[in-house]
Amino acid sequence: MKDVQDWIAVKRLYRSGMKIKAISRQLGMSKNTVKKLIKLDEEPKYMRFVNTTKIDGYKTQIRRWYLEPEFNFIGTRIFRELKLLGYTGSIGPVYRYLTILKDEKRKINSIATDRIETPPGDQAQFDWAEYTIVVNHQITKVYCFSMILSSSRVKDIVFSLTVDGDAIYEAIQDLFSSFGGVAKELLIDNPKALVIENKQGLPPKFNIDALRLATHLGTELNACNPYRARTKGYVKTFVM
């Protein structure tokens, strides 16, 4: 797990413009290790849990769902469909395999990729609110997920009956998809599905699957200061 986190940390810092020497000093690893991790397009192959075979029997189907235009499924949709087929693993291996397929998708759909590499704004803000409404004569709790682009103030929302990790990950992907691109940075609150720990004065510790999602999408997670959700700006006013 630590090697995966090192790989993600190096990728994030390098993509932000930090020099190799500075990354080496900040993360406490050699420059050669930093260079090696930068060159890797996917998680280190030597990690033991990467050798899992649970997903191997589904790779052909995943390729079809992800690459073929008639499907164009996102990660969480693929995960749900796999579970219906009997897959018993977690969502992590799905994202790892999709990361491998990204280059292939880039060749198939260069226009869409160009839009991802040229985001409509430097930052997007993500949040949600809980509502109780009447559906079919029954009181039902629903969740409104919202995203707003900081530069243009363009907004969009999606609804869900759940607020677990899968629902949050899917909402993030759906909302970015609706914008037609991915912002360089995604500013978030501190839900456990995304942030394990965020102490004042220390770097936040992100959920490993949230980091995989961010790496897959090509964005950077940035958690609000603890107990200061208002630092996100206008998202709260949008969902009220």
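Residues numbered from 1 in each chain as written. Predicted model: local features only at pLDDT ≥ 70, side-chain atom pairs only at ≥ 80, totals over all residues. Heavy atoms only, no water.

K.L.:
Just checking my understanding: could you explain unusual backbone geometry for this structure?
P.N.:
Of note in this structure, histidine 137 is not a glycine but carries a positive phi near 70°. Positionally, histidine 137 belongs in the loop between strand 1 (123-135) and strand 2 (138-149). (Helix = DSSP H or I, 4+ residues; strand = E, 2+ residues; numbered from the N terminus.)

K.L.:
I'm lost on a positive patch on the surface in this one. Help?
P.N.:
Judged by side-chain charge, Lys21, Arg25, Lys31, Lys35 and Lys39 come together as a positively charged surface patch. Elements represented by at least two residues in the positive patch include exactly helix 2 (20-27) and helix 3 (31-39). Broken down by element, the residue count for the positive patch peaks at three residues, all from helix 3. With respect to the helices and strands, lysine 31 occurs in helix 3. (Patch = residues over 30% accessible without salt bridge, like charges linked within 9 Å, V, L, I, M, F, W, Y side chains within 5 Å. Areas by Shrake-Rupley, 256 points an atom, 1.4 Å probe, with all protein chains shown as cover. Salt bridge = Lys/Arg side-chain N within 4 Å of Asp/Glu carboxyl O. Lys, Arg positive; Asp, Glu negative; His and termini not counted. Charge placed at Lys NZ, Arg CZ, Asp CG, Glu CD.)

K.L.:
How do you make sense of the confidence of the model for the protein chain when you look at a structure like this?
P.N.:
Detail in the predicted coordinates should be disregarded across regions flagged by low pLDDT. Scored by pLDDT, the protein chain comes out at a mean of 81, with 82% of its residues at no less than 70. Per-element averaging of pLDDT across the protein chain places helix 10 (residues 235-239) at the bottom with 40 and strand 3 (residues 155-160) at the top with 93. Ignoring residues within four places in sequence, the model shows residues 111-119, a span with pLDDT below 50, making 11 contacts including any to other chains. Predicted confidence is poor over residues 228-240, with pLDDT under 50, and the contacts of this stretch with residues over four places away or in other chains come to 31 contacts. (pLDDT = per-residue confidence, 0-100. Contact = heavy atoms within 4.5 Å.)

K.L.:
What's the story with the pattern of salt bridges in this structure? I'm lost.
P.N.:
It is possible for side chains bearing opposite charge to pair when their charged atoms get close. Inspection of every chain in the model, using the stated rule, returns 11 salt bridges. Ionic pairing is found between arginine 12 and glutamate 220, a salt bridge with its closest N-O pair at 2.9 Å. One end of the pair, arginine 12, is in helix 1 (residues 2-15); the other, glutamate 220, is in strand 7 (residues 220-223), with 208 residues separating them in the sequence. Residue classification places glutamate 220 among the buried residues on the basis of a relative accessible area of 15%. For aspartate 122, the salt bridge identified is with lysine 184, shortest N-O distance 3.7 Å. Highlighted residues: aspartate 122 in the loop between helix 7 (110-117) and strand 1 and lysine 184 in the loop between helix 8 (165-179) and strand 4 (185-188), separated in sequence by 62 residues. (Buried < 20%, exposed > 50% of the residue type's maximum accessible area, 1.4 Å probe, protein only.)

K.L.:
Help me understand the pairing of strand 3 in this model?
P.N.:
Put simply, side chains in a regular strand alternate between the two faces of the sheet. Summarising the sheet, strand 2 and strand 3 pair through six bridges and their orientation is antiparallel. Residue cysteine 144 lies in a different strand from strand 3, and its bridge partner there is phenylalanine 159. Hairpin remark: strand 2 followed by strand 3, antiparallel, with five residues in the connecting loop; positive phi at arginine 153, about 65°. (Pairing = 2+ DSSP bridges.)

K.L.:
Got a minute to help me understand helix 8 in this structure?
P.N.:
Owing to its 3.6 residues per turn, the α-helix brings residues three or four apart onto one side. Helix length check: helix 8, at 15 residues, gives a terminal C-alpha distance of 22 Å against a target of 21 Å (1.5 Å per residue), a fit within 8%. All of the buried residues along helix 8 are Ala167, Ile168, Tyr169, Glu170, Ala171, Ile172, Gln173, Leu175, Phe176 and Phe179. At the C-terminal side of helix 8, glycine 180 shows a positive phi close to 80°. (Expected span 1.5 Å × (residues − 1).)

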